[in-house]
Amino acid sequence: MITVRRGGVAVSLLAAAALMLSGCSGGTADDSEDTVKVGMLHSLSGTMAISEVTVRDAVKLAIDEINADGGVLGRQIEPIEEDGASEPAVFAEKAEKLLQSDGVATVFGGWTSASRQAMLPVFEGNNGLLWYPVQYEGLESSPNIVYTGATTNQQIIPALDYLREQGYTKLYLVGSDYVFPRTANQIITAYAKAHDMEIVAEEYTPLGHTEYSTIANAIASSDADAVFNTLNGDSNVSFFQQLRSAGVGPEDVPVLSVSVAEEEVGGIGTDNIAGHLVAWNYYQTTDTPANAEFVAAFQEAYGEDRVTSDPMQSAYNAVYLWKAAVEKAGSFEVDAVREALDGITLDAPEGTITIDGATQHVYKIARIGQIGEDGLITEVWNSGEPIKPDPYLEGYDWAADL
Amino acid sequence: MTSTSASSLSPAAAPARSRAGRLAGPAVFVGVLAVALGVLPAVLEPFRLNLVAQYLCFAIVGLGIAVAWGRGGMLVLGQGVFFGLGGYAMGMYLTLERVSSDPLSGGVPDFMSWSGISELPLLWRPFAHPAVAIATAVLLPGLVAALLGWAVFRQRVRGAYFAILNQALAAAFVILLINQQHLTGGTNGLTRFPTLFGASLYSADTKRWVYVAVVLVAALVYLAFRQVVRSRYGALLVAVRDGEDRVRFLGYDPTWVKTLAYTLSAMAAGVGGALFVVVMGIIAPSSLGIVPSLMMVLAVAIGGRFSLAGAALGAVLMNAAETAFSESFAGGWTYLQGALFVLVIVFAPRGLAGIAESAAGWWRSRRQPQGSSQ
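Every chain is numbered independently, its residues counted from 1 as its sequence is written. As a convention, the first chain written is A and the first ligand written is 1, with the rest following in written order. This being a predicted model, a pLDDT of at least 70 is required before a residue's local features are given, and a value of 80 or more before pairs of side-chain atoms are given or counted; all residues contribute to the totals for chains, interfaces and linings. As a rule here, side-chain values cover all heavy atoms of the structure and leave hydrogens and water aside.

Under an unreviewed UniProt entry, the name given to chain B is Urea ABC transporter permease, and the source organism is Thermobifida cellulosilytica TB100. UniProt positions are given in the numbering used here, feature names are shortened, and annotations may be inferred rather than shown by experiment. Entered under Subcellular location (unreviewed entry) in the UniProt record, the comment concerning chain B runs "Cell membrane".

A.B. asks: Would you explain the overall build of chain A in this entry?
C.D. replies: In terms of helices and strands, chain A carries 13 helices and 15 strands. Its C-alpha radius of gyration of 23 Å places chain A within 12% of the 21 Å reference for a compact globule of 402 residues. Summarising its shape, the C-alpha atoms of chain A cover approximately 70 × 70 × 45 Å along the three principal directions. The buried label goes to any residue with under 20% of its type's maximum accessible area, the exposed label to any with over 50%, and the partly exposed label to all in between, with areas taken from a 1.4 Å probe on protein chains only. The proportion of buried residues among the 402 residues of chain A is 61%. Each helix is a run of H or I in the DSSP string that is no shorter than four residues. Each strand is a run of E no shorter than two, and both are numbered from the N terminus. Two things to know: the radius of gyration comes from C-alpha atoms, and the globule rule equals 2.2 Å times the number of residues to the power 0.38.

A.B. asks: Looking at this structure, I do not really get the overall build of chain B. What am I missing?
C.D. replies: Each helix and strand counted, chain B has 15 helices and four strands in total. For chain B, whose C-alpha radius of gyration is 22 Å, the value lies close to the compact-globule estimate of 21 Å for 374 residues. For chain B, the spread of C-alpha atoms along the three principal axes comes to 75 × 50 × 45 Å. Expressed as a percentage of the 374 residues in chain B, the buried residues total 55%. Contacts are assigned to residue pairs with any non-hydrogen atoms lying within 4.5 Å of each other. Within chain B, counting contacts between residues at least 6 apart in sequence, those at least 24 apart form 77% of the total. Averaging the positions of the 25 positive and the 13 negative side-chain charges in chain B gives two centres separated by 15 Å. Counted as positive: Lys and Arg. Counted as negative: Asp and Glu, with His and the chain ends omitted from the count. By convention, the charge on Lys lies at NZ, on Arg at CZ, on Asp at CG and on Glu at CD.

A.B. asks: Please explain empty space enclosed by the protein as it appears in this structure.
C.D. replies: Picture a little ball the size of a water molecule; that probe, rolled over the atoms, points out where space is still empty. A pocket, in this scheme, is an open set of points on a 1 Å grid over the protein atoms alone with protein on both sides within 12 Å along at least 5 of 7 lines, while a cavity is a set where a 1.4 Å probe fits but cannot get out; residues line either one if an atom lies within 4 Å of a point. Grid points are joined across faces, edges and corners, and a volume is the space filled by probe spheres set on the points. Taken as a whole and assessed by the stated rule, the structure comprises eight cavities of 30 Å³ or more. As a volume, the second largest cavity reaches approximately 160 Å³. In terms of lining, the second largest cavity is formed by 16 residues, of which the most central are Q117 of chain A together with D110, F111, G189 and T191 of chain B. Among the secondary structure elements, those contributing two or more residues to the lining of the second largest cavity are α4 (113-125) of chain A together with α3 (79-101), α4 (110-114) and β1 (190-191) of chain B.

A.B. asks: I would appreciate a short explanation of the packing of aromatic side chains in the present structure.
C.D. replies: Each pair of aromatic rings is reported with the distance of its centres and the angle of its planes. Whether two aromatic rings pair depends on their centres lying within 6.5 Å, for rings of Phe, Tyr and Trp, where Trp uses its six-membered ring; planes under 30 degrees apart make the pair stacked, over 60 edge-to-face, and the rest tilted. A full pass over the atoms with the stated rule returns 27 aromatic pairs over all chains. With 5.3 Å between their ring centres and 55° between their planes, Y316 of chain A and Y320 of chain A make a pair best called tilted. Pair noted here: Y316 of chain A and Y320 of chain A are both in helix α12 (residues 310-329), with a separation of four residues, about one helical turn. Look at F83 of chain B and F276 of chain B: their rings are 5.3 Å apart centre to centre, the planes differ by 55°, and that puts the pair in the tilted class. Residue F83 of chain B is located in helix α3, and its partner F276 of chain B is located in helix α11 (residues 254-280); the two are separated by 193 residues in the primary sequence. F276 of chain B shares its class with F83 of chain B; the two are buried.

A.B. asks: What is the right way to read the side chain of N144 of chain A from this model?
C.D. replies: Residue and element names in this part refer to chain A. By the secondary structure assignment, N144 is in the loop between β4 (130-132) and β5 (145-147). Distance and chemistry together define a polar contact, namely a pair of N or O atoms within 3.5 Å, with one atom able to donate a hydrogen and the other to accept it when in protein, and with adjacent residues in sequence counting only for side-chain atoms on both sides. In this structure the side chain of N144 is engaged in a polar contact, spanning 2.9 Å, whose partner is the backbone oxygen of G128. The contact partners of N144, leaving out residues within four places of it in the chain, are F123, E124, N127, G128, L129, L130, R338 and Q360.

A.B. asks: What am I meant to see in the environment of S213 of chain A here?
C.D. replies: Along the chain, the position of S213 of chain A falls in helix α7 (residues 213-221). The class of S213 of chain A is partly exposed, set by a relative accessible area of 31%.

A.B. asks: Honestly, helix α13 (residues 308-328) of chain B in this entry has me stumped. Any pointers?
C.D. replies: An α-helical segment advances 3.6 residues per turn. Residues three or four places apart therefore align on the same side. All names here are of chain B. Given the number of residues in a helix, its expected span is that number minus one, multiplied by 1.5 Å. Helix length check: α13 (21 residues) gives 30 Å between terminal C-alpha atoms against 30 Å at 1.5 Å per residue, within 8%. Among the 21 residues of α13, 17 are classified as buried, and the element is accordingly described as predominantly covered. Between the side-chain oxygen of the N-cap and the backbone nitrogen of A309 there are 3.4 Å, and the N-cap of α13 in question is S307.

A.B. asks: I keep staring at the pattern of salt bridges and nothing clicks. Help me out?
C.D. replies: As a working rule, side chains carrying opposite charge can pair if their charged atoms are close by. Residues and elements named next belong to chain B. We define a salt bridge as a side-chain nitrogen of Lys or Arg found within 4 Å of a carboxyl oxygen belonging to Asp or Glu. Summed over all chains, the structure comprises 29 salt bridges over all chains. Where R158 meets E244, a salt bridge forms, and the shortest distance between an N and an O atom there is 3.6 Å. In this pair, R158 is assigned in the loop between α5 (130-154) and α6 (160-179) and E244 in helix α10 (residues 244-249), connecting sequence segments 86 residues apart. By relative accessible area, which is 33% here, R158 ends up partly exposed.

A.B. asks: Honestly, the sheet that holds strand β3 (residues 107-109) of chain A in this entry has me stumped. Any pointers?
C.D. replies: As a general point, the strands of a sheet are linked pairwise by backbone hydrogen bonds and lie either parallel or antiparallel. Residue and element names in this part refer to chain A. Spatially, β2-β1-β3-β4-β5 is the arrangement adopted by the five strands of the open sheet, whose pairing is parallel. Where the open sheet ends on each side, the last strands, each with one partner, are β2 (76-83) and β5. Within this sheet the neighbouring strands show an average axis-to-axis angle of 25°, counted without direction. With two bridges joining them, β3 and β4 adopt parallel strand pairing. Opposite F108, over in β4, you have W131 as the bridge partner. Pairing between strands is defined by DSSP: at least two bridges between the two strands are required. Here, axes are lines fitted to C-alpha atoms. For helices the fit covers the stretch in contact, and angles between N-to-C directions go from 0 to 180 degrees.

A.B. asks: How do you make sense of the pairing of strand β7 (residues 198-205) of chain A when you look at a structure like this?
C.D. replies: All names here are of chain A. Two strands pair when backbone bridges link them, and strand β6 (residues 170-176) and β7 are joined in this way by seven bridges, in the parallel orientation. Counterpart to L171 in the pairing with β7 is I199. The handedness of a crossover follows from its direction of travel: if, with the strands pointing away from the viewer, the path from the first strand over the helix to the second runs clockwise, the crossover is right-handed. Read as a crossover between parallel neighbours, the route from β6 over helix α6 (residues 179-194) to β7 is right-handed.

A.B. asks: Any chance you could explain the nonpolar core here in plain terms?
C.D. replies: Generally speaking, nonpolar side chains in soluble globular proteins are found buried as a group. The biggest cluster of nonpolar side chains holds 208 residues, and the ones touching the most others in it are W131, F228 and W322 of chain A together with Y211 of chain B. Among the elements that make up this core, the one with the highest residue count is helix α2 (residues 46-71) of chain B (18 residues). Apart from the residues within four sequence positions on either side, F228 of chain A is in contact with I156, A159, L160, L163, Y172, L173, V174, I188, L256 and V258 of chain A. Among buried residues, the Ala, Val, Leu, Ile, Met, Phe, Trp, Tyr and Cys ones that are joined through side-chain atoms within 4.5 Å form a nonpolar core. In this structure, Y212, I215, F239 and V253 of chain A belong to the second largest nonpolar core, which totals 26 residues.

A.B. asks: How should the layout of surface pockets be read in this particular structure?
C.D. replies: Taken as a whole, the second largest pocket spans an internal volume of roughly 730 Å³. When contributions to the lining of the second largest pocket are tallied by element, the ones reaching two or more residues are α4 of chain A together with α3 and α4 of chain B. Ranked by the residues each element gives to the lining of the second largest pocket, the list is headed by α4 of chain A, at four residues. Taken together, the residues of the lining of the second largest pocket break down into 13 nonpolar, seven polar and six charged. Each residue is assigned to one of three groups, with Ala, Val, Leu, Ile, Met, Phe, Trp, Tyr, Cys and Pro labelled nonpolar, Asp, Glu, Lys and Arg labelled charged, and all others, Gly among them, labelled polar.

Printed below as a string of structure tokens:
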């Protein structure tokens, strides 16, 4: 007969109890007079770390600048950093920790749609305020999130307008298999139908996929005249390499990417991607006084070889937008800050941006860029005026069925 | 009744135990339960209490692994599948609870309306009833494991092949969930559950009740599995582990012996997954793929797979360590976690329960040196 050994049970269960108790470090929402706590929640480990760490650096730079300049409402910002570990459930857990245990005034963080959606109920349940810095698939407008990246009508639709103006009418769609590419491709398909364009093919690969020779050959032999690329992360490296091996260059079939920025170009290899197109709202080369300062400050803080990108810039802006809203409200309280959001403007690196209070998104100029031999991106087209955010595409008749 | 039953696993254990020794186990169990229910909710803030509940969800999974792997010798490297089946069943109910209370939803979850679905799919409809969701969370993992187990154990698939099969299953399950985005929410998984049975999931009161429920379920699963491993069936299971052909020669059919243990472990994983969704408010494919499945087994290895309490402790300890490390060293905590794994496996191959056992054995043998000559 087998018995559970009682000595083992006793010791291990006692140890468990001791451990649980020791796990409760005391972190109360103590409002000391000279600092204000804010959360920084990015993936510092896991597959997304390579991208999210750059955004974290930009947020930290903004916080340091504001602190050196006297803080917010006379208080120094005290950042509390947590690791989302590229895992939605961890983002939810850490968001709850920041809001409940640390009592932070606001949180800057998130990159993937999965991480944002995981944090959303936590911020709604605890009435927190999250600043989300990455372009995304739209169809969302939570009172507890401010979206400082582009929604679809500030990135995808201008990109389609540009391709159509340039005479490209047959699109090949390639994307990673998750909500952003799938939603983007639905919008692209509806747009194509309404504007007499043709979708030649729509292909999805799992996140992290690296085998693209089949798709590259299919593109080479298809009659598509442009590729709309919503691949994310490492997959872009293989995709562009194998596309080049298949003999497809930017002069034959240009690839327009919406998730490839300055940071990714280096990893893909300039040789493989030079000449192709991207759609964002900001490039390191964007010519504004604020951007000259931002790039100089960033490179001074983190090294001359570092590049700046759209998500980094949007995250950097978020800290300043929050500061402006807090000062307008005269308070760190979430409800008061939210009330103050509408109409806040900032001379940002990407140009003057304004918060739209109704959607809690930001008015932004859309920019199409071309990747150069030096790995930087040069603007080839912009929308002129900042575009009003329209996350549900209510202003577009052809999008009514989406 | 003399307790001369020494385990074949630990020759160091003394053959004779005092009455006090026999009562120590149950006393500790009651004591831990009292601390968990009486002390922790009073001293921990709601967020920390919720974390403990999360650890206990993995402890429940660990109890199942201790039965299948520790007792049955089946290296179950795909428990994420069963965890996910339980989690998604419960998540579907919670999603529908939100949808039904939200007039703007049009009767379907948002990820379905994005995919052009305007009517709730047949697969989802039964999950509007909590009883169906809970029953599915417990029984479906068991059913899947029973069918799979019976098929492979009959073919005498074992050892590394069985482990690889489980890993492949976890990988395939994740791909299925991601591809069927219109039914499963894709990589985002299921989240945004404001309420459970009408009560806000984010209020401190609800969190406390959820915690109490998780503690009670964990205690029940522990007691139930304790009965299982001490029963005649438990002895047979160990015999199959140690010599499957000998057991077959003696006239028992190892197929059903192993299938039952595998099924029980899958059901425990399903229960853990269902509770995890309620505790964390999210279930996504990244919580149940190959790596999370490995972590579930690793936690049991650290705690000690031959002991139920050790397995549960391992899960609690590993997850608590993850929290503590990642909060103290937001960058680079994964190295510390890795170092912990290596240290435990190198210096305590039978896990922490093995250390505790050796220590207890050593102490007893010092008290009665002549008793340890077994």
